[in-house]
Amino acid sequence: MNNVHELIGRLARVEDEELAGRASAAGARTLLASIVIEESREATVARLRPFTARRLVVGMTAAAVLAAAVVAGPSILGERLGSATSYANAAVAIQREGDHYVARIKDPFADHQEYTEAFHAVGLKVDLRLVPVSPGAVGKAVEYGVGLGEETRTEDARAGDTSHGDVVSAGTEPEGCEVGQPGCSMVLKIPERFAGNAWVKLGRQALPQETYQNHGSATDSGEILAGVRVDGRAVGEVLAELRARKAAAEFSLVRIHADNPDVRNLDDREDPDGAPMTTLTFDPVPGDKVGAGWTVWEAEPVKEGVVRLLVTPEHLDHNPLD
């Protein structure tokens, strides 16, 4: 009972005029930060490769629900957690603009709970995490999942569209700017009417020696080998390109298994004409075991100054990764 009296006492010091229309006021933020959320819902995942699944975790303790109801009223007890149209803390600023909420990242290294706090304040169940990525993926949603609530409208997520690209939209503002430069922000947009839940991994600049958490090619725009063609070239040639850029290489051996039911890995596919299924596996191999005449089929960014080369000992008549 003493804890309850203390809680009510603290609520009594949050003035109505302090909360009205100001989700980021000190009193309101203190209250919102005290709400611990814990509820489970399945999320459908979209990522480049491979496909995986995970759950969102959300909920409330009884005391937190009571406290929220006293200050925020019934809206926080329903499907949506808050009714503010804007919210800001040290990590992110969220503003309703037209039919979307626009989140502008202020601190890409903040604890993810600060982002969650902000989305909950405007009524969105979004778990946002900033993860280290290669330079070309900064500001992009490198992985995300969406669980659709009953109130989600078809314009928010088209039936049968597993990408949910119209639910999660990420980029930079102004478009195409270089993150880290003055006036350039990472931006995430969520439809105002979105009533489901979502989790998003948004790419941020990596610290030295952080391993990238995105999948992509080191030859893409903005990457260390941008514009360089590597597929089908000899290992020695690609290593020369890397040395010119003061970068090192790791190696992954591509193994091709035709019609082998015992192999389970990343890339299963079947020819439309019914040809045997081909499965690929990727095994790390020491650099001193890789010959200069081996063939490179792809280059993937690993961390700052390090690229992984996907290779085969022989030269094939086609790229096995295509």
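A quick note: this is a predicted structure, and the numbers were derived from the prediction, not measured.

What counts and how
Residues numbered from 1 in each chain as written. Predicted model: local features only at pLDDT ≥ 70, side-chain atom pairs only at ≥ 80, totals over all residues. Heavy atoms only, no water. pLDDT = per-residue confidence, 0-100. Contact = heavy atoms within 4.5 Å. Buried < 20%, exposed > 50% of the residue type's maximum accessible area, 1.4 Å probe, protein only. Helix = DSSP H or I, 4+ residues; strand = E, 2+ residues; numbered from the N terminus. Polar contact = N/O pair within 3.5 Å; in protein donor to acceptor, adjacent residues only side chain to side chain. Pairing = 2+ DSSP bridges.

Description of the confidence of the model for the protein
Any region with low pLDDT has predicted coordinates that should not be read closely. Per-residue pLDDT for the protein averages 75, and the proportion of residues at 70 or more is 63%. Below a pLDDT of 50 lies the segment residues 7–80, which in the model reaches 128 contacts outside its immediate sequence neighbourhood of four places, other chains included. Segment residues 263–269: pLDDT under 50, and 21 contacts once partners within four positions in sequence are set aside and those in other chains are kept.

Here we look at helix α5 (residues 112–121)
When you tally the buried positions in α5, you get 8 out of 10 residues, the bulk of the element. What α5 keeps buried is the set H112, Y115, T116, E117, A118, F119, H120 and A121. Of the residues flanking the start of α5, the one acting as N-cap is D111, its side-chain oxygen 2.8 Å from the backbone nitrogen of Q113. Among the residues trailing α5, G123 stands out with phi positive, at a value near 90°.

Some points on the pairing of strand β4 (residues 92–97)
Sheet faces and side chains relate simply in a regular strand, where the side chains alternate between the two faces. Across 3 bridges, the pairing between strand β3 (residues 86–88) and β4 is antiparallel. Paired with Y87 across the strands is I94, a residue of β4. Between β3 and β4, which pair antiparallel in sequence order, lie 3 residues. Sheet analysis places β4 next to strand β5 (residues 100–105), joined by 6 bridges and oriented antiparallel. Each bridged residue has a counterpart across the sheet, and for E97 the counterpart in β5 is H100. Where β4 folds back on β5, the antiparallel hairpin that results is connected by 2 residues, among which G98 adopts a positive phi of roughly 65°.

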